[in-house]
Amino acid sequence: FSGKPLLPAVIGLETMIEAVSLTAPAGRDFVVRSFRILAPCKFVDHTPQTLQVVAERQGDGWACQLVGTTGKSTVYQTAVIAFPEQLAAAEAPAFV
């Protein structure tokens with residue numbers, strides 16, 4: 001990435017989760033669906049960048065976008081973060 005630091009994807013995802021968790025009761029379990037990295041969020045110099053979480057209600061959760069608002073608007077990541085009434089037991093993937 002041309003020697004430029006990047007925002008770690010997990011930090012972007014955590015930012016979206018934190019934003020929409022404000023709408024859920026404290027301690028509520030959540031699931032992340034359809035997480036996508038659409039573009040790298042690069043820091044080209046020491047100038048701070050402004051990012052915004054855009055969230056739209058979708059069923060039992062929120063369709064989220066992590067958007068850069070400094071200069072040209074860029075969607076860096078998307079995810080659906082849901083707060084279902086009851087989580088189904090997750091199956092661990094098989095590793096061969």
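The numbering scheme is per chain: residues are counted from 1 as the chain's sequence reads. With the structure being a predicted model, the display of local features is reserved for residues of pLDDT at least 70 and the display and counting of side-chain atom pairs for 80 or more, all residues being used for whole-chain, interface and lining totals. Side-chain metrics rest on all non-hydrogen atoms present in the structure, leaving aside hydrogens and water.

A. Representation of the environment of E85. You can see E85 is positioned in the segment after β4 (74-82). Exposure classes here rest on a 1.4 Å probe applied to the protein chains alone. A residue is buried below 20% of its type maximum, exposed above 50%, and partly exposed in between. Since its relative accessible area comes to 76%, E85 is described here as exposed. Expressed as a C-alpha distance, the spacing of E85 and D60, which sit 25 residues apart in the sequence, is 8.3 Å. Here a helix means four or more residues in a row that DSSP labels H or I, a strand means two or more in a row labelled E, and each is numbered from the N terminus.

B. View of the side chain of Q77. Tracing the chain through its elements places Q77 in strand β4. At 3.3 Å, the side chain of Q77 forms a polar contact with the backbone oxygen of A9. Counting of polar contacts relies on pairs of N or O atoms within 3.5 Å, with two restrictions inside protein: one atom must be capable of donating a hydrogen and the other of accepting it, and residues adjacent in sequence are counted only when both atoms are side-chain atoms. Polar side-chain contacts of Q77 include one of 3.2 Å to the backbone nitrogen of L13. We call two residues contacting when some pair of their heavy atoms lies within 4.5 Å. For Q77, the contacting residues outside a window of four places in its chain are P8, A9, G12, L13, M16, F35, R36, I37, L38, C64, Q65 and L66.

C. Structural view of the sheet that holds strand β2 (residues 51-58). DSSP-based pairing: two strands are paired if at least 2 bridges between them are found. Taken together, 4 strands build an open sheet; the order of strands is β1-β4-β3-β2 and the sheet is antiparallel. The strands lining the two open edges of the sheet, one partner per strand, are β1 (31-37) and β2. The sheet shows a mean angle of 20° between the axes of neighbouring strands, taken without regard to direction. As paired strands, β2 and strand β3 (residues 61-68) are joined by 8 bridges and run antiparallel to one another. In the strand pairing of β3, Q52 is matched with V67. Helix α1 (residues 9-21) rests against β1, β2, β3 and β4 of the sheet, and its axis sits at about 55° to β4. Only C-alpha atoms enter the line fits that serve as axes; for helices the fit covers just the stretch in contact. Angles between N-to-C directions range over 0 to 180 degrees.

D. A look at the pairing of β4. Counting buried positions along β4 yields 7 of 9 residues, so the element is predominantly enclosed. Both β1 and β4 contribute to a ladder of 5 bridges, which runs antiparallel. Looking across to β4, one finds that V32 is bridged to I81. When β3 meets β4, the two strands line up antiparallel, connected through 8 bridges. Considered in β4, the bridge of V67 is made with V75.

E. Representation of the nonpolar core in the model. Here the nonpolar core consists of buried residues drawn from Ala, Val, Leu, Ile, Met, Phe, Trp, Tyr and Cys, with membership extended through side-chain atoms lying within 4.5 Å. Counting residues in hydrophobic clusters, the biggest one holds 11 residues: L13, M16, I17, V20, A24, W62, C64, L66, A79, I81 and F83. When residues of this core are traced back to their parent elements, those giving at least two are α1, β3 and β4. A per-element tally of this core places α1 first, with 4 residues. Apart from the residues within four sequence positions on either side, I17 is in contact with F30, V32 and I81.

Scope: geometric values only; no functional claims are made or implied.
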